[in-house]
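# Descriptive structure summary
Listed below, chain by chain, are the residues.
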Amino acid sequence: MTTAPPSPRVLPHPTRDEIRLDSVLHALSDPVRLRIVSELAGAEAALSCSRFDLPVTKSTTTHHFRVLRESGVIQQVYEGTAKMNGLRREDLDALFPGLLDALLVAARRQAARDAHA
């Protein structure tokens, strides 16, 4: 029996049990990735990659989304030609209670301080 290779339209994601704190913290340590996560946390639905106005090149944007996906912070699925992004809040909250909310509050406070500097 031969197994067909996975479709290139299905992106690999870690299972909940494979998500590690060090990977999540690394993913969230970058300001661009934290900005992506902050926007996803405030969204009511998944957002396409093109929805984000980031101060980096398209290839760097792709890299940031890949780091977030591979660490288990976001879920990415294709809807037609768009790659949709959603925060894996349920998984993160189950594994690391309060971590995501604490980081998002800290990021908002820092952004407010930076705006007044």
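Calculation notes
Residues numbered from 1 in each chain as written. Predicted model: local features only at pLDDT ≥ 70, side-chain atom pairs only at ≥ 80, totals over all residues. Heavy atoms only, no water. Phe/Tyr/Trp six-rings, centres within 6.5 Å; stacked < 30°, edge-to-face > 60°. Helix = DSSP H or I, 4+ residues; strand = E, 2+ residues; numbered from the N terminus. Buried < 20%, exposed > 50% of the residue type's maximum accessible area, 1.4 Å probe, protein only. Lys NZ or Arg CZ within 6 Å of the ring centre and 35° of its normal. Pairing = 2+ DSSP bridges. Axes fitted to C-alpha atoms, helices over the stretch in contact; angles between N-to-C directions. Parallel < 35°, antiparallel > 145°, perpendicular 65-115°, else oblique. Left-handed = near helix turned anticlockwise from the far one by under 90°. Contact = heavy atoms within 4.5 Å. Nonpolar A, V, L, I, M, F, W, Y, C, P; charged D, E, K, R; others polar. UniProt positions renumbered as here; feature names shortened; annotations may be inferred.

The protein goes by HTH arsR-type domain-containing protein in an unreviewed UniProt entry, where it is assigned to Streptomyces labedae.

What follows concerns the packing of aromatic side chains. In total, this model carries one aromatic pair according to the counting rule given. Between Phe-52 and Phe-65 the ring centres are 5.3 Å apart and the planes differ by 65°, which places this aromatic pair in the edge-to-face class. Taken together, the residues span a long stretch of sequence, with Phe-52 in the loop between β1 (47–48) and α3 (58–71) and Phe-65 in helix α3 at a distance of 13 residues. Each member of the pair, Phe-52 as well as Phe-65, carries the same accessibility label: buried. Sitting over the ring of Tyr-78, Arg-9 keeps its end group 3.7 Å from the ring centre.

Our next topic: the sheet that holds β1. Pairing in this open sheet of three strands is antiparallel, and the strands run β1-β3-β2 from one edge to the other. Across the chains shown, the open sheet's two edge strands, defined by having one partner strand only, are β1 and β2 (74–79). As judged from the six bridges shared by β2 and strand β3 (residues 82–87), these two strands associate in the antiparallel manner. Bridge assignment links Glu-79 to a residue of β3, and that residue is Ala-82.

Let us look at the packing of helix α2 (residues 31–42) against α3. It is at 10 Å that the axes of α2 and α3 come closest, and there the two elements cross at 70°. Regarding the angle of α2 to α3, the classification is roughly perpendicular. You can see that α2 and α3 cross each other, and the crossing is right-handed. Here Val-32, Arg-33, Ile-36 and Val-37 of α2 lie close against α3, whose contacting residues are His-63, His-64, Phe-65, Val-67 and Leu-68. Classifying every residue of the contact of α2 with α3 gives six nonpolar, two polar and one charged.

This paragraph deals with the UniProt feature "domain: HTH arsR-type" (unreviewed entry) in the protein. In this structure's numbering, the residues bearing the UniProt feature "domain: HTH arsR-type" (unreviewed entry) are residues 13–107. Counted over residues 13–107, helix gives 53% and strand 15%. Its end C-alpha atoms are 25 Å apart.

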